[in-house]
Amino acid sequence: MPQSPWEHRRQSGIADDIDFEIKGEELQFLEIELDPGESAVAEAGAMVWKNASVEMTTVFGDGSGGQGGGFMDKLLGAGKRLVTGESLFTTVFTHRGSGKARVAFASPTPGAILPLKLGDLGGELICQKDSFLAAAKGVSIGVHFQRRILTGLFGGEGFIMQRLEGDGWVFVQMGGTIVERELRAGEELHVDTGCLAAYTPGVDFDLITVGGVRSTFFGGEGLFFARLTGPGKVWIQSLPFSRLAGRMLAAAGSRGGQNRGEGSALGALGDFISGNE
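What counts and what doesn't
- Residues numbered from 1 in each chain as written.
- Predicted model: local features only at pLDDT ≥ 70, side-chain atom pairs only at ≥ 80, totals over all residues.
- Heavy atoms only, no water.
- Pairing = 2+ DSSP bridges.
- Helix = DSSP H or I, 4+ residues; strand = E, 2+ residues; numbered from the N terminus.
- Axes fitted to C-alpha atoms, helices over the stretch in contact; angles between N-to-C directions.
- Contact = heavy atoms within 4.5 Å.
- Salt bridge = Lys/Arg side-chain N within 4 Å of Asp/Glu carboxyl O.
- Buried < 20%, exposed > 50% of the residue type's maximum accessible area, 1.4 Å probe, protein only.

### Considerations on the sheet that holds strand β15 (residues 178-183)
Pairing is antiparallel across the open sheet formed by six strands, whose spatial order is β12-β13-β10-β17-β20-β15. Each edge of the open sheet is held by one strand with a lone partner, namely β12 (140-145) and β15. Here the strands of the sheet are splayed against their neighbours by 25° on average, with no regard to which way each runs. Looking at chain direction, β12 and strand β13 (residues 160-165) are connected through six bridges and run antiparallel. If you follow S140 over to β13, its bridge partner there is E165.

### Describing the sheet that holds strand β19 (residues 224-229)
Sheets are built from strands that pair by backbone hydrogen bonding, the pairs being arranged parallel or antiparallel. Reading across from one edge, β16-β19-β18 is the order of the three strands in this open sheet, with antiparallel pairing throughout. Of all the strands in the sheet, just β16 (188-192) and β18 (204-209) have a single pairing partner and so form its edges. For this sheet, the mean inter-axis angle between neighbouring strands, taken without regard to orientation, is 35°. Relative to β19, β16 is paired through five bridges, and the arrangement is antiparallel. Directly across from E188, in β19, lies its bridge partner T229.

### Comments concerning the environment of L118
Position of L118 among the secondary structure elements: in the loop between β9 (112-117) and β10 (124-127). Between the C-alpha atoms of L118 and G168, which are 50 residues apart in sequence, the distance is 5.7 Å. In this view, L118 contacts G123, E124, L125, V139, L164, E165, G166, D167, G168 and V170; residues no more than four positions away in its chain are not counted.

### Focus on the pattern of salt bridges
One pass over the full model with this rule turns up eleven salt bridges. Here R96 and E55 are joined by a salt bridge, their closest N and O atoms 3.4 Å apart. Remark: E55 occurs in strand β6 (residues 54-60) and R96 occurs in the loop between β7 (89-95) and β8 (101-106); sequence separation between them is 41 residues. Residue classification places R96 among the exposed positions, given a relative accessible area of 57%. The exposure class of E55 is partly exposed, given its relative accessible area of 36%. Sharing partners across several salt bridges, the network here consists of K23, E31, E33 and R102.

Function cannot be inferred from these measures alone, as they are strictly geometric.
Here it is in structure tokens:
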């Protein structure tokens, strides 16, 4: 059996390092192997299966706080999750037995699961609002506000994105195939706003118009591209769930049946011309 391309075995001397393996191709799931006393935190409802010795505890907020955090700290953490579209609660899985134990998680939408070590990325990652799946306990899930008004209004993810902070492993869910690009200082990359999945804080995120009037109204790409300027890393998803859902709704139409004119500025006239009426 060939090994998974996304597989990691713990390194000696790193206390919060966890073993994991991502299985599958288009519809993936994540297996995390825990040592006694070791914990992982996951989005509520993401679990697929677990060993009996893994204790499941639902916590208020993101599960990253230390023992000294008070109620207001936990309330603030939960509030951050709420404004990014996540549940008020996360679930902590702790191995209470001996030997090794495993717990598995899956994304609720088709796509891929990407493992990232935040310590290798400067301790921070900015990603789309619903991308968090699971992490080693201690990763903080916060809020990133877009500083530019136009970027917030037309940037695909709105004013609010997720900010993941810490030094451990985090697992994010993205649609379709994932492409990683590393941008040099000053290097620009233009991406469809919905396909931008994540980027490191050093990358400048702005918008640029798609071009002339014809491209704007009939190109099917909307009004703006995301303009990403290095230095830093960018992750691009080939099929954001919003695009997949939009195509499914357009294909069904208001009366069922097929609609081949999605994205057309002509609306009902486009449906008539293309034979959908």
